[in-house]
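Residues per chain, in single letters:
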Amino acid sequence: MFSVRSFLPFQYPFKSVLTHLSNLIQICTNSKAIKQGKQIHLQIIIQVLSRIPYLTTKLIQFYADCDDLVPALHLFDELPRPNVFAWTAVLACYCRNGEFDNCLQMYQDIRAQGMAPDGYVFPPVLKACANLSSLKDGNRVYGDVIKFGTAPILQVSNALIDMYSKCHDIESAKQVFDGMFARDLLSWNSIISGYVHNGLIDSAQELLRVMRLEGFEADLITWNTILDACSQMGLIEELCQVFSQIKEPNIISWTSLMLGYSRSGKHERALGIFKKLVQEGLVFPDTDILSCALSSSRHLGNLKNGQEIHGYGIKTQKFGFHLSAGAALVAMYLVCKRIKDAEVIFEVMNKCDTVTWNAIIFGLSQLGRGDAACKYLFDMHSKGVKCDQITVSTILPVCDLKSGKQIHAHVLKSFNDVTISVQNALIKMYSKCGSVGLAYSVFSNMKERDTITWNTMIGGFGVNGHGGAALRLLQEMRQSGAEPNTVTFTCLLSSCSHAGLVDEGLKLFNSLNVDFGITPSMEHFACVVDLLARNGRIEDAFHFINEMPMEPNGSIWGSLLASCQFFQNLDIAEVAAENLFRLEPENTGNYVTLSNIYLIVGKQDDALRVRKLMEMRALKKRSGYSLVESVTGTNQVVKI
């Protein structure tokens, strides 16, 4: 670049030397030439010029702009009276590096020392307030903006709009915007973005129209902001309309389009966009696009597509792809039941990142592999990585009682404010493990409850045979002001079925439309069939099915067939089986159940006929497996 010594004309007057040194430092600052800047710093020390505040301030600006915070802070501490330029440089550096708490603390130090902030100080401080979602601090800083007369400065007003928008005070953001004497494109983008991220998409589109009337043309940032909003809200038509207006979409535009389709469940379309990008070379897919494509492959259970994307990622990003998109890869492989592949990816991921552990714990939990998920959770804890409440709420429903209690103890110890989702998961875990008393203890001690809380506790009572308690909880739910939904009544009807409360269940079903304004769904009809059939009222259940306003599905006929086996009702069993063979021709369990009923009532020939029908249709009963504990204490899987 240049030789430092050749630029140090110490034979010239002192003032000229300072000017040359200042210019050199500025050149290094502008070009981010950290090595050369340090050489100049060394020469300043050698020439005993390091105590000159002017040069020290220039060096602070140089180090701060190069994001080398340690020497910048060291020099800052050496200044007897730092000026506003030194303060501003460090504030901006803190903000760029995500140290928002330190940025706010330094601003408080400025005010404590009586320094008058200028228009360069406020933008990074307001950005810190925005990123911390601290409306209280933001309002305090706004008071200083007014006090020191910097509100008319364009950059300050834009920062205020951004701060209020991110703190979800869109009215204050609009007041600042309306009060501006002059606006630039960033001002419009900031307020439009504010409306978008506060869910006010219609207002954002109206602002876009007004913006055009005032002579501003939307740039790519504007369009991408609105695209992101449509994507997040699942507004596919609007998403496509906005995208069609972008002349040269960039990678952010394409990512928003893919995410919009993916979030709306249109995973085939999302993958189609990815293939178009790769085949036509429109943009170079980055980690976000690849992760989105992997997510769509996961939702489709498309292992082949997922493996192709995996291969493409390694080809274009080498093995760093496993670090950047590892969580998406692990999730995809686990959904496709490729546990070994997921574990291989996990081993090369960053083990200090909670997201890494959450990916494999969540995937294993979804597969019902609670033992393996708990093992990873305990490994995570042993390595000093703190699990978050997402981890806990994910794994609890698949834990056994011992592991669940250990995790419950960890929750009480580690989290001051336990989320509703974690408490709901605890209720579900205890109920599933038969400890309904402990489940109700968690429920009773909750300060806040949502509908899921009530439904989970009602379901917990139900599966443990406490139908009466479940029905009483419905009354408590209504008295609390919470509104029961369709899931609530599915849980209640199921509770009545398990507890043998036939009359109560029928009364509840008949009240759905009248008292609660809920039209019974297929799940509700299935619960009533199970309620009647499970309690021996096979004929009533059969009559109920024939009176249904919709075509009964396999679940309803299956429930009836199972009860026919228990109560040995061959006539209705044959009708149920006939419908099941039509609806679920490849479900071998239905054939086996009917065959067993024939055997129970002594019709061996008919039982043999059903077995031969299975053979003709090339159907084979799957082997069952059972986990048993040997006398040595080890677990063994036994084929049955």
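Residues numbered from 1 in each chain as written. Predicted model: local features only at pLDDT ≥ 70, side-chain atom pairs only at ≥ 80, totals over all residues. Heavy atoms only, no water.

*Asks:* Go over the overall build of the protein, please, and point to the residues and values.
*Replies:* Scanning the protein for helices and strands turns up 37 helices and two strands. Computed over C-alpha atoms, the radius of gyration of the protein comes to 33 Å, more than 25% over the 26 Å expected from 2.2 N^0.38 for 640 residues, which places it beyond the range of a compact globule. In terms of principal-axis extent, the alpha carbons of the protein reach across some 120 × 55 × 50 Å. A separation of at least 24 residues holds for 57% of the contacts in the protein among residues at least 6 apart in sequence. As displayed, the protein offers around 32900 Å² of accessible surface, 53% of which is attributable to carbon and sulfur atoms. Measuring between centres, the 59 positive side-chain charges of the protein sit 7 Å from its 61 negative side-chain charges. (Helix = DSSP H or I, 4+ residues; strand = E, 2+ residues; numbered from the N terminus. Rg over C-alpha atoms; globule rule 2.2 N^0.38 Å. Contact = heavy atoms within 4.5 Å. Areas by Shrake-Rupley, 256 points an atom, 1.4 Å probe, with all protein chains shown as cover. Lys, Arg positive; Asp, Glu negative; His and termini not counted. Charge placed at Lys NZ, Arg CZ, Asp CG, Glu CD.)

*Asks:* Provide a residue-level description of the layout of surface pockets, including the pertinent values.
*Replies:* Of the pockets and cavities examined, the largest pocket occupies roughly 430 Å³. Looking at the largest pocket, it is lined by 17 residues, and the ones nearest its centre are Val418, Gln423, Asn445, Met446 and Lys447. Elements represented by at least two residues in the lining of the largest pocket include exactly α25 (401–414), α26 (420–432) and α27 (436–444). The class makeup of the residues in the lining of the largest pocket is nine nonpolar, five polar and three charged. (1 Å grid on protein atoms, 1.4 Å probe; cavity = no way out; pocket = protein on both sides within 12 Å on 5 of 7 lines; lining within 4 Å. Points joined across faces, edges and corners; volume = space filled by probe spheres on them. Nonpolar A, V, L, I, M, F, W, Y, C, P; charged D, E, K, R; others polar.)

*Asks:* Mind laying out the nonpolar core, listing which residues take part and the relevant values?
*Replies:* Counting residues in each nonpolar core, the largest one holds 198 residues, and the members touching the most others are Ile192, Val330, Ile361 and Leu560. Excluding residues that lie within four positions of it along the chain, Ile361 makes contacts with Ala373, Tyr376, Leu377, Met380, Thr391, Thr394 and Ile395. (Core = buried A, V, L, I, M, F, W, Y, C linked by side-chain atoms within 4.5 Å. Buried < 20%, exposed > 50% of the residue type's maximum accessible area, 1.4 Å probe, protein only.)

*Asks:* I'd like to hear about the confidence of the model for the protein, residue by residue, with values.
*Replies:* Within the protein, residue pLDDT values average 87, and 94% of them lie at 70 or more. Residue range residues 1–12 is modelled with pLDDT below 50. Its contacts to residues more than four positions away, or to other chains, number 25 contacts. Note that pLDDT drops below 50 for residues 624–640; the model gives that stretch 22 contacts with residues more than four away or on any other chain. (pLDDT = per-residue confidence, 0-100.)

*Asks:* Describe the side chain of Asp144, listing the residues and the values that go with them.
*Replies:* Within the secondary structure layout, Asp144 lies in helix α8 (residues 135–147). Beyond its immediate chain neighbours, meaning those up to four positions away, Asp144 contacts Tyr107, Arg111 and Phe122.

*Asks:* Let's hear about the pattern of salt bridges: which residues, and what values?
*Replies:* Enumeration over the complete set of coordinates arrives at 16 salt bridges. The salt bridge partner of Asp68 is Lys38, with a shortest N-O separation of 3.8 Å. Placement of the pair is Asp68 in the loop between α3 (53–65) and α4 (69–78) and Lys38 in helix α2 (residues 34–46), with a sequence separation of 30 residues. Judged by its relative accessible area of 41%, Lys38 is partly exposed. (Salt bridge = Lys/Arg side-chain N within 4 Å of Asp/Glu carboxyl O.)

*Asks:* Talk me through the packing of helix α29 (residues 467–479) against helix α31 (residues 502–516); I want residue IDs and the actual numbers.
*Replies:* Between α29 and α31, whose axes approach to 13 Å, the crossing angle comes to 20°. Put simply, α29 runs roughly parallel to α31. Two packed elements cross with a definite hand, and for α29 against α31 that hand is left-handed. Side by side, α29 and α31 meet where Leu471, Leu474 and Arg478 of the first sit next to Glu504, Leu508, Asp515 and Phe516 of the second. By residue class, the composition of the contact of α29 with α31 is four nonpolar, no polar and three charged. (Axes fitted to C-alpha atoms, helices over the stretch in contact; angles between N-to-C directions. Parallel < 35°, antiparallel > 145°, perpendicular 65-115°, else oblique. Left-handed = near helix turned anticlockwise from the far one by under 90°.)

*Asks:* I'd love a proper account of the packing of helix α6 (residues 100–112) against helix α7 (residues 122–131), names of residues and values included.
*Replies:* As a packed pair, α6 and α7 sit with axes 9 Å apart at the nearest point and diverge in direction by 130°. Relative to α7, α6 is oriented oblique. The crossing of α6 and α7 is left-handed. From α6, Phe100, Cys103, Leu104 and Tyr107 reach across to α7, where they touch Phe122, Pro124, Val125, Ala128, Cys129 and Asn131.

*Asks:* Lay out the environment of Met548 in plain terms, naming residues and giving numbers.
*Replies:* Tracing the chain through its elements places Met548 in the loop between α33 (538–546) and α34 (554–567). With a relative accessible area of 9%, Met548 lands in the buried category. Between the C-alpha atom of Met548 and that of His466, which follows or precedes it by 82 residues, the distance is 28 Å.

*Asks:* Describe helix α28 (residues 451–463), listing the residues and the values that go with them.
*Replies:* Over its 13 residues, α28 runs 18 Å from end to end, which matches the ideal 18 Å to within 8%, given 1.5 Å per residue. Most of α28 is tucked away: ten of the 13 residues are buried. Along α28, the residues classified as buried are Thr453, Trp454, Asn455, Thr456, Met457, Ile458, Gly459, Gly460, Phe461 and Gly462. The backbone nitrogen of Ile452 lies 3.2 Å from a side-chain oxygen of the residue at the head of α28, namely Asp450. Looking one or two residues beyond α28, the residue adopting positive phi is Gly465, at roughly 80°. (Expected span 1.5 Å × (residues − 1). Polar contact = N/O pair within 3.5 Å; in protein donor to acceptor, adjacent residues only side chain to side chain.)

*Asks:* So what's going on with the packing of aromatic side chains? Residues and values would help.
*Replies:* Across all of its chains, the model carries 20 aromatic pairs by this definition. Consider the rings of Phe62 and Tyr63, whose centres lie 4.9 Å apart with planes at 55°: the pair is tilted. The exposure class of Phe62 is buried, given its relative accessible area of 1%. In this structure Tyr63 comes out as buried when scored by relative accessible area, which is 3%. Among the aromatic residues, those joined into a cluster by ring pairs are Tyr440, Phe443, Trp454 and Phe461. A cation over a ring is seen here: Arg449 above Phe443, with NZ or CZ 4.0 Å from the ring centre. Note that Arg449 overlies the ring of Trp454, its terminal NZ or CZ placed 5.3 Å from the centroid. (Phe/Tyr/Trp six-rings, centres within 6.5 Å; stacked < 30°, edge-to-face > 60°. Lys NZ or Arg CZ within 6 Å of the ring centre and 35° of its normal.)

*Asks:* Lay out helix α10 (residues 170–178) with the relevant residues and their values.
*Replies:* Here α10 has its buried residues at Ile170, Ser172, Ala173, Val176 and Phe177. An end-on view of α10 places all buried positions within 160° of arc, on one side of the element. In this structure, α10 carries Glu171 and Gln175 as exposed residues pointing more than 90 degrees from its buried face. In this structure, the buried residues of α10 make contact with α8, α9 (154–166) and α11 (185–197). (Arc of directions from axis to C-beta.)

*Asks:* Can you lay out unusual backbone geometry for me, pointing to particular residues and giving the numbers?
*Replies:* We note that Lys32 has phi near 55°; this positive angle belongs to a residue other than glycine. Inspection of the secondary structure puts Lys32 in the loop between α1 (14–31) and α2. Its identity as a non-glycine residue notwithstanding, Ser133 has a phi of 50°, on the positive side. Among the secondary structure elements, Ser133 is positioned in the loop between α7 and α8.

*Asks:* Report on the environment of Leu613, specifying residues and quantitative values.
*Replies:* On the secondary structure map, Leu613 appears in helix α37 (residues 604–616). A relative accessible area of 23% means that Leu613 is categorised as partly exposed.

*Asks:* Could you give an account of the state of the cysteines, naming the residues involved and the relevant values?
*Replies:* In total, this model carries zero disulfides according to the counting rule given. Left unpaired, Cys95 is separated from the closest cysteine sulfur, that of Cys103, by 4.9 Å. (Disulfide = S-S within 2.5 Å.)

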